[in-house]
Amino acid sequence: MYCSQEELNSRLRRVFEGAGYRRYVMSKFEEYDLYSDNRDFLASEKVLTFTDLDGRLMALKPDVTLSIVKNTRESGGIEKVYYHENVYRASGIGFKEISQAGLECIGEVDEYSVCEVLSLAAQSLMTIGESCELDISHLGLLTELIDGAGIGESAKKEVIRLMGEKNLGGLAEFLADEGAKSPLCDDIIALAKFDCDASEAPIALRKILGGKVSEESLALFCDTCEFLSEEFPSKVRVDFSTVGDLNYYSGIIFKGYVDGIPASVLSGGQYNGLMKKMKRKSRAIGFALYLDLLEPLFESSDGFDADILLIYDRSAAPKDIYSAYKNLSADGKSVLVLPDRPKALRFREVYILSRGGVRHE
Amino acid sequence: MNEMLNVALPKGRLGENVYDLFARAGYRCPEIENPSRRLTFENSALGIRYFWVKPSDVAIYVEKGAADIGVAGKDILLEYRPDVYELLDIGLGKCRMAVAAPKSFREDHKKTLRVATKFPNIAKKYYASVGRDIDIIKLNGSIELAPILGLSDVIVDIVETGATLRQNGLEVFETLFGISARLISNKASYRFKREKIAAVISGLSAAVKKETEND
């Protein structure tokens, strides 16, 4: 458990910088068009907007990845950046400022880059809490199987939604209603059930998908599973309920969980679809950590607002008050100095400075 | 971390039937069987804690992790789309979501259809799928009254036997989908209490199967 959000932030920074990722600092605003063109990529369609002095419609950033992709030049190499930014999203009945950290790897992304990003995701989770799990799946393999079963585009979205809910009964019913009779439908259901440690995944996946999807993609995914299971034993599972929007994500997709937090705290994947949509030739993979969700993990304060309250008489000379404060804080204790006792605050000790000197209450 | 499995049950007759199913699946909790006003009950030997909540709140308790698993109606899941896993149809609380109106109702396609409902998202989605322009009138109860008093043309509501509709001179014009109670799970709990949740799914599946065979 961490004593503060700051300590966690600094450890995460060390994880990212340790792998050579550069910090990417950006403006809080972006032109609204960027988000209206890519609404499906956002967690919520609602964006906080305002009109700039020159009449342009601007938005407070609801997302970081879109800005990084937009502002990264295609140089032919691989760009590795990390960020720690606030984003602004609709939450409940209003907008909320949310702290987010993450990284993006953009450019000629190769097999090593994918393994590196996944390993940084696993390391980030382990930095937050030892009891954690990184779940991965592969949207490319899944869509190849669904396409092979002759399932249309709108039905494909529903199949993926039901898989995301682990709704096996609903999925079987939907496939039957759609009249999907291909033997591959049984494989789709088998993938929907698929949830095992990464070390067991390659053999089990080859049994289901062998000969039905691209051998190259399957082999690469199995290699990635093997790498992750060796580097992070019993921390990584292959779970095909880990899904995302097909317009943006195309290959490996992943989510991270930490014991004690009721939702996924990390989310990422290969977003080559987004790159294509933004007319980029290169590939990309990245993830975001939702730092605001981690609050319950931080040590709660010990119930005191300061170690010592020093109450002074208003007639006391400032140099006497300051001298009493210096004596009391000499061993590193926090001292709040006020002329009256504040309501609703708690202190370990209370001292009173009057004409007779300082006395313990 | 707390190793108890927290289960949110819907208050009322459905919840009692759901608890009976859990008991038959091997998760009895004698405390809950004695009438009282308490809301939480646990069997520490089995590592299970039950609590009664308003049926429409079950999904919120589960989504936010206050409960690891729970039982919620398909109507609630479709209306609120909580971010949870839907693991099993337990076959209880069977009914249907339907469009109903006074027997004399004839739809005028030149006018916007006024729809009274407790389920605005379900109603909107259904009418969007058939390309019909509607006005939603969100009510919290006594939906059948709306067309009788001219507040709406039709209602979209849950129909069990149809008796309430008949008594109020209404009839079903269209069935949208069937409804039954579903076992749902928090997504993080599913990972960190995997074995316990898998055991509950397996126990409940066997109990549901046995009940279906006996019917």
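Parameters and conventions
Residues numbered from 1 in each chain as written. Chains lettered and ligands numbered in written order. Predicted model: local features only at pLDDT ≥ 70, side-chain atom pairs only at ≥ 80, totals over all residues. Heavy atoms only, no water. Phe/Tyr/Trp six-rings, centres within 6.5 Å; stacked < 30°, edge-to-face > 60°. Helix = DSSP H or I, 4+ residues; strand = E, 2+ residues; numbered from the N terminus. Buried < 20%, exposed > 50% of the residue type's maximum accessible area, 1.4 Å probe, protein only. Lys NZ or Arg CZ within 6 Å of the ring centre and 35° of its normal. Domains from an automatic or database assignment. Contact = heavy atoms within 4.5 Å. Buried area = accessible area lost by both parts, 1.4 Å probe. Salt bridge = Lys/Arg side-chain N within 4 Å of Asp/Glu carboxyl O. Polar contact = N/O pair within 3.5 Å; in protein donor to acceptor, adjacent residues only side chain to side chain. Axes fitted to C-alpha atoms, helices over the stretch in contact; angles between N-to-C directions. Parallel < 35°, antiparallel > 145°, perpendicular 65-115°, else oblique. Left-handed = near helix turned anticlockwise from the far one by under 90°. Nonpolar A, V, L, I, M, F, W, Y, C, P; charged D, E, K, R; others polar. Expected span 1.5 Å × (residues − 1). Pairing = 2+ DSSP bridges.

Draft legend 1. Examining the packing of aromatic side chains more closely. With the rule as written, the count across this model stands at 13 aromatic pairs over all chains. Ring geometry for Y19 of chain B against Y50 of chain B: centres 5.5 Å apart, planes inclined by 85°, an arrangement best described as edge-to-face. Taken together, the residues Y19 of chain B in helix α1 (residues 13–24) and Y50 of chain B in strand β3 (residues 48–53) connect sequence positions 31 residues apart. On the basis of relative accessibility, which here comes to 5%, the residue Y19 of chain B falls in the buried class. Geometrically, the ring pair formed by F22 of chain B and Y50 of chain B is edge-to-face, given 5.7 Å between the ring centres and 90° between the ring planes. Of the two residues, F22 of chain B sits in helix α1 while Y50 of chain B sits in strand β3, which places them 28 residues apart along the sequence. With respect to class, F22 of chain B is no different from Y50 of chain B; both count as buried. Its end group placed over the ring of F304 of chain A, R346 of chain A keeps NZ or CZ at 4.8 Å from the ring centre.

Draft legend 2. Focus on the domain arrangement of chain A. Residue and element names in this part refer to chain A. Domain boundaries assigned for chain A yield domain 1 (1–121 + 259–303), domain 2 (139–238) and domain 3 (306–360). A straight line from the C-alpha centre of domain 1 to that of domain 2 covers 27 Å. Each partner contributes residues to the interface: domain 1 has four residues there, and domain 2 has six residues. Together domain 1 and domain 2 conceal approximately 450 Å² of surface at their shared face, both sides included; 78% is due to carbon and sulfur atoms. Counting the surface domain 1 buries against domain 2, the share from its top three residues, E111, C115 and S119, is 76%. For the interface between domain 1 and domain 2, the tally reads zero salt bridges. The tally of links between domain 1 and domain 2 comes to zero residue pairs in polar contact (both at pLDDT 80 or more).

Draft legend 3. Broad picture of the packing of helix α8 (residues 184–193) of chain A against helix α9 (residues 201–209) of chain A. Residue and element names in this part refer to chain A. One way to put it is that α8 packs onto α9 with a least axis distance of 10 Å and a crossing angle of 160°. What the angle tells us is that α8 and α9 run roughly antiparallel. Here α8 and α9 pass one another in a crossing that is left-handed. Listed contacts from α9 to D187, A190 and L191 of α8 are L205, I208 and L209. Of the residues assigned to the contact of α8 with α9, the class counts are five nonpolar, no polar and one charged.

Draft legend 4. Representation of helix α6 (residues 153–164) of chain A within the structure. The end-to-end C-alpha distance of α6 of chain A is 17 Å, a good match for the 16 Å that twelve residues give at a rise of 1.5 Å each. Along α6 of chain A, the residues classified as buried are A155, K156, V159, I160, L162, M163 and G164 of chain A. On its buried side, α6 of chain A packs onto α5 (139–148), α7 (168–177) and α8 of chain A together with β5 (85–89) and α8 (187–192) of chain B. K166 of chain A sits one or two positions beyond α6 of chain A and adopts a positive phi of about 55°.

Draft legend 5. A look at the environment of L328 of chain A. All names here are of chain A. Mapped onto the elements, L328 comes out in helix α12 (residues 318–328). Residue classification places L328 among the buried residues on the basis of a relative accessible area of 13%. With 278 residues separating them in the primary sequence, L328 and F50 have C-alpha atoms 50 Å apart. Once you skip the residues sitting within four places of it in the chain, L328 turns out to touch I308, L310, K333, V335 and Y351.

Draft legend 6. The arrangement of the sheet that holds strand β7 (residues 113–117) of chain B in detail. Residue and element names in this part refer to chain B. Judged by pairing direction, the sheet is mixed, and its five strands sit side by side in the order β8-β7-β9-β6-β10 without closing on themselves. Strand pairing shows two members of the sheet lacking a second neighbour, β8 (134–138) and β10 (170–179), which therefore form its edges. When strand polarity is set aside, the average angle formed by the axes of neighbouring strands in this sheet is 25°. In terms of strand pairing, strand β6 (residues 95–102) meets strand β9 (residues 154–159) through five bridges, oriented antiparallel. Residue pairing in the sheet places V99 in a bridge with V156 of β9.

Draft legend 7. The arrangement of the packing of α5 of chain A against α8 of chain A in detail. Residue and element names in this part refer to chain A. Contact geometry for α5 and α8: axes closest at 9 Å, N-to-C directions at 155°. Overall, the two elements α5 and α8 adopt an arrangement that is roughly antiparallel. The element α5 and its partner α8 pack so that their crossing is left-handed. The residues of α8 that touch α5, namely those facing L142, L145, I146 and G148, are L184, D187, I188 and L191.

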